[in-house]
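Chains, contacts and geometry: an overview
Residues per chain are reported as follows:
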Amino acid sequence: MPSPVAQIADLIRRTDHFMVAAHANPDGDAIGSTVALGHILAALGKDFCLYNVSGLPRQFDWLHLPAPFHDCLCGAEANWIFVLDCGSPNRVGPELHRIMDSRPMANVDHHLGNPNFGQFNWVDESYPAVAAMIAELADELGVPLTGSLAEAVYLGIATDTGFFTFDNTTPEVMELAARLIRQGLQPGAVIAKIRNQWTVNRFRLWAVSFATLEMFYDGRVAVAHVTREMMTKTGTDTPDCEEIVNFLRRLRGVRTAVILREEPDGAFKFSLRSTGVDNVQKVAARFDGGGHRNAAGGTIADTLDAARKRLLAALGEELGLV
Ligand code: 5GP
Ligand code: MN
């Protein structure tokens, strides 16, 4: 039996017309792996389109794209849909989710509990980022990991490992980063493009969100929130909330950091971050969410107070904090 990467490479070699998609509200790995796979397909002369229900967030506008990003369904005639970095099929957004069952799909992912929803599944939790899987695919297909492709891969692996600081920073991903740098990628310049994208408005939103900080379970859980009103008042939007939670985890003694973000429909999206053996994916799964052992999320359709209470109760039970 050929390896999953060899099977995907074979699929790409013998077919044409692809659509590449990733999860809504895309992070660096979702965008990095979508763009990287696009560059590989372009290098092979394949026909493809790039789709994300949230479009390309502004913070990634420095990327060199192999094709424009569509936020309406593209590639109606696509033979295969690549779904990247999606732990569950509904994460692609309603538009694509609706037609998914009737289309051949390749599911390439690294989330715990991915239900293998594709006709073809390459799901491996041992990879810290889907972008690292896409890099292996480039190797398999003989596409050099240089230039814009290398930058897109670096975006994915750097952001999903917290810039090579989380527990998922494997020797292999460090070796991949080293290879990209050896082949010409300028890490300082790329990281500046990834990180130095803040608007003053975003800074102001973080200030009001940090001001909501509360500590629970004897200082072992830190919780903050962002409401729509806070975003409206500071002129910000959902992508500006990304990473707040990673900073809450820096508090001394905190085992789990939590941020609750109000969605346009009034529900609360939560993000959980832990370290070591504390498995927050199990907590998120109780609310139909998911993710990884140390980084997970989901949505609770309830008021802020009720959502926080339910989440804290689940955390207490699952992590034995009570
Ligand atoms: P974040 O908290 O940054 O949104 O996501 C952290 C991790 O949890 C990511 O790997 C993300 O894919 C996963 N995640 C976040 N929200 C959801 C959700 O609603 N459902 C599932 N299955 N995974 C989620
Ligand atoms: Mn990822």
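That block above? That's the structure.
Residues numbered from 1 in each chain as written. Chains lettered and ligands numbered in written order. Predicted model: local features only at pLDDT ≥ 70, side-chain atom pairs only at ≥ 80, totals over all residues. Heavy atoms only, no water.

**Points about the state of the cysteines**
The criterion, for reference: Throughout, disulfides are identified as pairs of cysteine sulfur atoms within 2.5 Å of each other. A run of H or I in DSSP counts as a helix once it spans at least four residues, and a run of E counts as a strand once it spans at least two, with each numbered from the N terminus. With a 1.4 Å probe rolled over the protein chains alone, any residue whose accessible area is under 20% of its type maximum counts as buried; one over 50% counts as exposed, and the rest are partly exposed.
Inspection of every chain in the model, using the stated rule, returns 1 disulfide. The residue that forms a disulfide with Cys49 is Cys74, at a sulfur-sulfur distance of 2.3 Å. In this structure, the disulfide formed by Cys49 and Cys74 twists by about 80° around the S-S bond and is classed as right-handed. Placement of the pair is Cys49 in strand 2 (residues 48-51) and Cys74 in the loop between strand 3 (69-70) and strand 4 (80-84), with a sequence separation of 25 residues. On the accessibility criterion, Cys49 (9% relative accessible area) is buried.

**Notes on the layout of surface pockets**
Basically, it comes down to this: Think of a 1 Å grid over just the protein atoms. A cavity is a set of points where a 1.4 Å probe fits yet cannot get out, a pocket is an open set with protein on both sides within 12 Å along at least five of seven lines, and lining residues have an atom within 4 Å of a point. Grid points are joined across faces, edges and corners, and a volume is the space filled by probe spheres set on the points. Each domain's limits were defined by an automated method or a database of domain assignments.
The space that makes up the second largest pocket amounts to roughly 280 Å³. Arg58, Gln59, Gln197, Thr199 and Asp240 are the residues nearest the centre of the second largest pocket, which is lined by 13 residues in total. Counting the residues that make up the lining of the second largest pocket, at least three belong to each of domain 1 (4-195) and domain 2 (201-318).

**Quick look at the sheet that holds strand 7 (residues 214-216)**
Quick note on the threshold: Paired strands, as defined in this entry, are two strands with at least two bridges between them according to DSSP. Contact criterion: two residues are considered in contact whenever any of their non-hydrogen atoms come within 4.5 Å of each other. All axes are obtained by fitting lines to C-alpha atoms, using only the stretch in contact for helices, and the reported angles, taken between N-to-C directions, cover 0 to 180 degrees.
Taken in spatial order, the 6 strands of this open sheet run 7-8-9-10-12-11, and their pairing is mixed. Lying at the two open borders of the sheet, with one neighbouring strand each, are strand 7 and strand 11 (290-291). Where strand 7 lies against strand 8 (residues 221-226), 3 bridges are found, and the strand directions are antiparallel. Within strand 8, the residue paired with Phe216 across the bridge is Val221. Where helix 12 (residues 304-318) meets the sheet, its contacts fall on strand 7, strand 8, strand 9 (256-262), strand 10 (268-274) and strand 12 (295-300), and the angle it forms with strand 9 comes to roughly 155°.

**Looking at the pattern of salt bridges**
As a working rule, side chains carrying opposite charge can pair if their charged atoms are close by. The following threshold applies: Each salt bridge in this description consists of a side-chain nitrogen of Lys or Arg and a carboxyl oxygen of Asp or Glu lying within 4 Å of one another.
Here the structure, examined in full by the defined rule, presents 12 salt bridges. Arg14 serves as the salt-bridge partner of Asp10, at 3.1 Å between the closest nitrogen and oxygen. You can see Asp10 and its partner Arg14 sitting in helix 1 (residues 4-14), 4 residues apart, about one turn around the helix. Of the residues examined, Asp10 reaches a relative accessible area of 33% and is grouped as partly exposed. By relative accessible area, Arg14 is classed as exposed at 60%. Arg308 is paired through a salt bridge with Asp305; the nearest N and O atoms lie 2.5 Å apart. Of this pair, Arg308 and Asp305 both sit in helix 12, 3 residues apart, which is roughly one turn of that helix.

**Section: the site of ligand 1**
Put simply, the rule reads: We call a residue near a molecule or strand as soon as one heavy atom of that residue lies within 4 Å of the molecule or strand. Counted as a polar contact is a pair of N or O atoms within 3.5 Å, where, for protein atoms, one must be capable of donating a hydrogen and the other of accepting one, and residues adjacent in sequence contribute only when both atoms are in side chains. Side-chain classes follow a simple rule in which Ala, Val, Leu, Ile, Met, Phe, Trp, Tyr, Cys and Pro form the nonpolar group, Asp, Glu, Lys and Arg form the charged group, and the remainder, Gly included, forms the polar group.
Taken together, 14 residues lie around ligand 1, and Arg91, His111, Ser271, Arg273 and His292 are the ones closest in. Taking Ser271, its side chain carries an N or O atom lying 2.7 Å from an oxygen atom of ligand 1. At a separation of 3.4 Å, an oxygen atom of ligand 1 approaches a polar backbone atom of Gly297. Those elements giving two or more residues to the shell around ligand 1 turn out to be strand 10, strand 11 and strand 12. It is strand 12 that provides the largest number of residues to the shell around ligand 1, a total of 4 residues. For the shell around ligand 1, the class distribution of residues is 2 nonpolar, 9 polar and 3 charged. When residues of the shell around ligand 1 are assigned to domains, at least three map to each of domain 1 (4-195) and domain 2 (201-318).

**Things to note about the packing of helix 1 against helix 4 (residues 130-141)**
Packed helices, taken two at a time, are described by their axes: the angle between them and the distance between them. Quick reminder of the rule: Between 65 and 115 degrees an angle is taken as roughly perpendicular, under 35 as roughly parallel, over 145 as roughly antiparallel, and anywhere else as oblique. Left-handed describes a crossing whose near helix is turned anticlockwise from the far helix through less than a right angle; right-handed describes the clockwise counterpart.
Look at helix 1 against helix 4: their axes get within 9 Å of each other, and the N-to-C directions meet at 60°. Comparing their axes, helix 4 and helix 1 come out oblique. Helix 4 is crossed by helix 1, and the crossing has right-handed handedness. Counting all contacts with helix 1, which are made through Val5, Ala6, Ile8, Ala9, Ile12 and Arg13, the residues of helix 4 involved are Glu136, Leu137, Glu140 and Leu141. The class makeup of the residues in the contact of helix 1 with helix 4 is 7 nonpolar, no polar and 3 charged.

**Let's talk about the sheet that holds strand 5 (residues 105-109)**
Consider a sheet: its strands pair through backbone hydrogen bonds, and that pairing is either parallel or antiparallel. An order of 3-2-1-4-5-6 is seen for the 6 strands of this open sheet, with the pairing classed as parallel. Of all strands in the sheet, those bounded by a partner on one side alone are strand 3 and strand 6 (120-123). Where strand 4 and strand 5 come together, 4 bridges link them in parallel fashion. Directly across from Ile81, in strand 5, lies its bridge partner Met105. In the packing of helix 1 onto the sheet, the strands contacted are strand 1 (18-22), strand 4, strand 5 and strand 6, and the crossing angle to strand 6 comes to about 140°.

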